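Each chain, written out:
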Amino acid sequence: MLTQAAPAAHFHRELPYDRDHVAALNPRLVSARALAEGGAVRLAGDGTAEVTTPGGVRVAGLGDGSCTCPWWYDHRGSRGPCEHVLAARIVAGET
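This section reports on the structure supplied with the text. (Residues numbered from 1 in each chain as written. Predicted model: local features only at pLDDT ≥ 70, side-chain atom pairs only at ≥ 80, totals over all residues. Heavy atoms only, no water.)

1. Description of the pairing of strand S3 (residues 56-61)
It is a general feature of regular strands that their side chains alternate between the two faces of the sheet. Bridge count for strand S2 (residues 48-53) against S3 is 6 bridges, and the pairing is antiparallel. Residue pairing across strands places glutamate 50 opposite valine 59, the latter belonging to S3. (Pairing = 2+ DSSP bridges. Helix = DSSP H or I, 4+ residues; strand = E, 2+ residues; numbered from the N terminus.)

And the structure:
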């Protein structure tokens with residue numbers, strides 16, 4: 001005889017994923033954290049941030065996720081935010 005779980009019941013379970021391993025699988029997030037930790041992000045008062053990279057200074061929009069980098073021009077946010085926007089949001093969340 002099969003039993004059913006109670007409706008709306010909480011079922012805690014441990015997922016078999018190492019949090020650090022999963023984070024390392026997202027290269028944009030890894031790069032964003034490095035930029036944020038390296039002091040490459042300068043927040044502006046107008047909802048943007050300047051992110052200094054070896055390729056130049058990128059201007060990232062915190063609200064709309066826009067950026068002046070090639071990733072943004074190629075994907076326009078359809079594949080998620082670029083590393084510069086992620087770094088700016090990390091810094092904005094810390095301050």
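2. What about the pattern of salt bridges?
Applying the stated criterion to the full structure yields 1 salt bridge. Arginine 42 is the salt-bridge partner of glutamate 50, the closest N and O atoms lying 2.8 Å from each other. (Salt bridge = Lys/Arg side-chain N within 4 Å of Asp/Glu carboxyl O.)

3. Here we look at the sheet that holds strand S1 (residues 41-43)
With respect to topology, 3 strands assemble into an open sheet ordered S1-S2-S3, the strand pairing being antiparallel. Edge positions in the sheet fall to S1 and S3, since each has one partner strand and no second. Averaged over all adjacent pairs, the angle separating strand axes in this sheet is 20°, with direction ignored. (Axes fitted to C-alpha atoms, helices over the stretch in contact; angles between N-to-C directions.)

4. Some details on the side chain of histidine 84
For histidine 84, the location among the structural elements is in helix H4 (residues 83-94). The class for histidine 84 is buried, based on a relative accessible area of 7%. Setting aside anything within four residues of it in sequence, one finds histidine 84 in contact with Leu35, Val51, Thr53, Arg58, Ala60, Cys67 and Cys69. (Buried < 20%, exposed > 50% of the residue type's maximum accessible area, 1.4 Å probe, protein only. Contact = heavy atoms within 4.5 Å.)

5. Considerations on helix H2 (residues 27-37)
Within the sequence span of H2, burial applies to Ala32, Leu35 and Ala36. Around the axis of H2, the buried residues are gathered within 95° of arc, so they sit on the same side. Exposed residues on H2 whose side chains face more than 90 degrees from its buried face are Pro27 and Glu37. With a side-chain oxygen positioned 3.2 Å from the backbone nitrogen of arginine 28, the residue opening H2 is asparagine 26. Note on H2: the residue one or two positions beyond its end, glycine 39, has a positive phi of about 75°. (Arc of directions from axis to C-beta. Polar contact = N/O pair within 3.5 Å; in protein donor to acceptor, adjacent residues only side chain to side chain.)

These figures come from the coordinates and say nothing about function on their own.
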